[in-house]
Amino acid sequence: MKPILAHLTLVLAVTVLLLGTGVPAQAEAVGYAVDKSHSSIVFRVKHLDIGFTYGFFRDFSGSFTVDEENAAASSVELEIQLASVDTNDEKRDQHLKSPDFFGVNQFPTMTFKSTSVKKNGDDKFDVTGDLSLHGVTKSVTVTMKKTGEGDDPWGNHRIGFEGMFKLKRSEYGMDKMLEAASDEIRIIVAVEGTKK
């Protein structure tokens, strides 16, 4: 009987260890709020097929969820206020807000909502989602690379990602002045989030 008792005691001890602190909990999705002051949404357009002009949006918000063990459980949502466009030229910015381009009175925001997330190598994720702009919604895929993670001096846990994608503005109903400003627009998204 003693060997059986010893065996049962060992099994019980192992079970307690596994249920306790001996085995780390399975990773779960973690939610983050976009920190606008440490994030950027930048675009690039070619002028007269000669040089590149850059601009950015001052006002945007969003959130994302990260599960590095199960990428499919991750998600992203962004909303950009198009009236906040800034190309370092007030006259041009007002033109961009007009019906010739963004038409901000009718279409005030550009939004992105992910529909799937897939792991793509170390620290990279292919994020596919619906991009809505100027009354048109299309599916786009952005490869986002993790740029860092850690705690800040104030006790917040932070994580950062950056990615780039291209779109044709004519496909979103913005087909005016294509000879002056390129159809293809490159957009860079760099976000830093704080854990909720």
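The shown structure was predicted, so the numbers you read here are calculated from the model rather than taken from an experiment.

Another aspect to go through is the packing of aromatic side chains. To describe a pair of aromatic rings, one takes the distance between the centres and the angle between the planes. Scanning the model with the defined rule gives five aromatic pairs in all. When the ring of F57 is compared with that of F102, the centres are 6.0 Å apart and the planes differ by 55°; the resulting orientation is tilted. Here F57, found in strand β3 (residues 51-57), pairs with F102, found in the loop between α2 (90-97) and β7 (109-119); they are 45 residues apart in sequence, far enough to count as distant. A connected cluster of aromatic rings, assembled from ring pairs, spans Y32, F64, F125 and F161.

Moving on, we come to the pairing of strand β11 (residues 184-195). Across three bridges, strand β1 (residues 30-34) lies against β11 in antiparallel orientation. Paired with A33 across the strands is T194, a residue of β11. In this structure, strand β2 (residues 40-47) lies alongside β11, joined through five bridges in antiparallel fashion. By the bridge assignment, S40 is partnered in β11 with A190. Pairing geometry for strand β10 (residues 157-168) and β11, over 11 bridges, is antiparallel.

About the thresholds
- Residues numbered from 1 in each chain as written.
- Predicted model: local features only at pLDDT ≥ 70, side-chain atom pairs only at ≥ 80, totals over all residues.
- Heavy atoms only, no water.
- Phe/Tyr/Trp six-rings, centres within 6.5 Å; stacked < 30°, edge-to-face > 60°.
- Helix = DSSP H or I, 4+ residues; strand = E, 2+ residues; numbered from the N terminus.
- Pairing = 2+ DSSP bridges.

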